[in-house]
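# Observations on chain architecture
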Amino acid sequence: MKKLIINLLKKLLKKFGDEEIQTLNLDGDQRVISEIPLTRTQLKKVPSKKSPRREIAVLSDSERSIRDFTEMMENPFLALSKKRREPIIYESPDGTRKIKVTRHTGHFLASIYDWDIVLYVAGKMQEILNNGSDIPPRTMIIPTHEILKALHKNNGNKQQKDLVCSLERLQLTGIDTTIRNEDYKYRAGFGFLDSWGYAERKSNRDIKKIHITLSQWLYDGICAKGSLLKVSPDYFCLTSALKRFLYRTARKHVGNSKESWNFTIEKLYEKSGSESEFKVFKNKLKQAVLDNDIPDYSMEWIERNGRTIVAFRDAPSQKIADMIDEIKDSDQDVIEFSKEETLH
């Protein structure tokens, strides 16, 4: 019976693998259906590297409720480097979106890793919005062990100190933008957080709870209907900032769609806000795409007509491949049906 299930899954896997990518978006801002599907000879495909097997854990409510903010996924507000000092300056091609992100003296810019805290807070706010019983408060009080667990971190002294440093950068990073701020309702130079603090045990100075107050700009954006997207808990297992950026790009644009969404490498460079030279970014991007190991989505490096694009797709084929591996490695008995019970 196990062999039968594996064969069925392999057929499904082949079916997904034989589907041609029929969407092409050389500008990256909208979906365009290609009149001529790309053939396999036009795609430069490299098998993905298999990620190390992790034990399947039961997810807590906090891990299931992690959310990201679409405006932050779409625009370069966060540093990809943990030690970036240079400001992020961005203007969209049509001039409607302008962003300037600066640091406070003595601190680095808030990075994509620091943003994990806001993912957790946004998830807690989404829970309140879903219940419909109240409006989320701008200040959240969170047990330290709970947020660290949700972010896949140990509750140790180092992790608590890192959490404090992230909170400092989120507060002291200055934002000046026209996004939801065309009339400058929000003063220039606001941060992601207005304030934060914590209570600690006197006996061992262990941080027990943290209170976090979001800036009004961030709070208003998170509370807007449809502004949040669910994030895979495996996102926190990505140690590469570039791969985190690629996951957030796929999550924002592909979502659960069966269609691909494709970007030129130039567009991804622009969206990332990377401070690296384009040549360096391209080399790192190519390696990340060929690794093809971000959660829930597959990526392909496509060279066509003198241009290079990255194609993002939902990855049901990867999920089926994982199921095959799990069944092969499983020592559990498989329930067999009699001929009369077999479904046709």
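Everything here concerns the structure above.
Residues numbered from 1 in each chain as written. Predicted model: local features only at pLDDT ≥ 70, side-chain atom pairs only at ≥ 80, totals over all residues. Heavy atoms only, no water.

## A closer look at the nonpolar core
- In terms of nonpolar packing, the biggest core is built from 74 residues, with Phe77, Trp115, Phe192 and Leu285 touching the most fellow members.
- Looking at this core element by element, the count peaks at 7 residues for helix α4 (residues 116–131).
- Apart from the residues lying within four places of it in its own chain, the contact partners of Trp115 are Asp68, Phe69, Met72, Leu78, Leu170, Phe192, Leu218 and Arg248. (Core = buried A, V, L, I, M, F, W, Y, C linked by side-chain atoms within 4.5 Å. Buried < 20%, exposed > 50% of the residue type's maximum accessible area, 1.4 Å probe, protein only. Helix = DSSP H or I, 4+ residues; strand = E, 2+ residues; numbered from the N terminus. Contact = heavy atoms within 4.5 Å.)

## Considerations on the sheet that holds strand β7 (residues 207–214)
- Overall, antiparallel pairing links the 3 strands, which are arranged β4-β7-β6 in an open sheet. Here the strands that pair on one side only, and so sit at the sheet edges, are β4 (139–143) and β6 (193–200). The mean inter-strand angle of the sheet, taken between neighbouring strand axes irrespective of direction, is 15°.
- Sheet topology places β6 next to β7; 7 bridges connect them, and they run antiparallel. What sits directly across from Gly197, in β7, is His211.
- Of the strands in this sheet, β4 and β7 are in contact with α4, which crosses β4 at around 110°. (Pairing = 2+ DSSP bridges. Axes fitted to C-alpha atoms, helices over the stretch in contact; angles between N-to-C directions.)

## Things to note about the sheet that holds strand β9 (residues 261–264)
- One open sheet accounts for 3 strands, arranged β9-β11-β10; its pairing is antiparallel. For this open sheet the edge positions go to β9 and β10 (297–304), each flanked by a neighbour on one side alone. Strand-to-strand twist of the sheet, defined as the mean angle between neighbouring strand axes without regard to direction, takes the value 25°.
- Where β9 meets strand β11 (residues 307–314), 4 bridges bridge the pair, whose relative direction is antiparallel. Bridging from a neighbouring strand, Asn262 pairs with Ala311 of β11.
- Of the strands in this sheet, β9, β10 and β11 touch helix α8 (residues 241–253), which is tilted by about 95° from β10.
- Set on the sheet, helix α10 (residues 278–291) makes contact with β10 and β11; between it and β10 the angle comes to about 130°.

## Digging into the pattern of salt bridges
- Taken as a whole, this structure holds 14 salt bridges when the rule is applied.
- Close ionic contact of Glu74 with Lys271 constitutes a salt bridge, the shortest N to O distance being 3.5 Å. Of this pair, Glu74 sits in helix α3 (residues 70–74) while Lys271 is found in helix α9 (residues 265–272), placing the two residues 197 residues apart along the sequence.
- Accessibility expressed as a relative area gives 17% for Glu74, which makes it buried.
- A salt bridge links Arg84 to Glu275, with the nearest nitrogen and oxygen atoms 3.8 Å apart. You can see Arg84 sitting in the loop between α3 and β2 (88–91) and its partner Glu275 sitting in the loop between α9 and α10, a full 191 residues away along the chain.
- Where salt bridges share partners, they join Glu74, Lys252 and Lys271 into one cluster. (Salt bridge = Lys/Arg side-chain N within 4 Å of Asp/Glu carboxyl O.)

## Focus: the side chain of Asp114
- Looking at where Asp114 falls in the secondary structure, it is placed in the loop between β3 (98–102) and α4.
- Here the side chain of Asp114 touches Ser166 through a polar contact of 2.7 Å, side chain to side chain.
- Contact partners of Asp114, with chain neighbours within four places excluded, come to Leu109, Ser166, Arg169 and Leu170. (Polar contact = N/O pair within 3.5 Å; in protein donor to acceptor, adjacent residues only side chain to side chain.)

## Thoughts on the side chain of Ser272
- Here Ser272 is to be found in helix α9.
- Within the structure, the side chain of Ser272 is placed 3.1 Å from the backbone nitrogen of Ser274, a separation counted as a polar contact.
- Contacts of Ser272, omitting those with residues within four sequence positions, involve Pro76, Leu78, Leu80, Phe245 and Phe281.

## So, the packing of α9 against α10
- α10 packs onto α9 with a crossing angle of 105° between their chain directions and a minimal axis gap of 11 Å. In terms of axis orientation, α9 runs roughly perpendicular to α10. On α10, the residues touching Ile265, Glu266, Leu268, Tyr269 and Ser272 of α9 are Phe278, Phe281, Lys282 and Leu285.
- Along the lines of polarity and charge, the residues of the contact of α9 with α10 split into 6 nonpolar, 1 polar and 2 charged. (Parallel < 35°, antiparallel > 145°, perpendicular 65-115°, else oblique. Nonpolar A, V, L, I, M, F, W, Y, C, P; charged D, E, K, R; others polar.)

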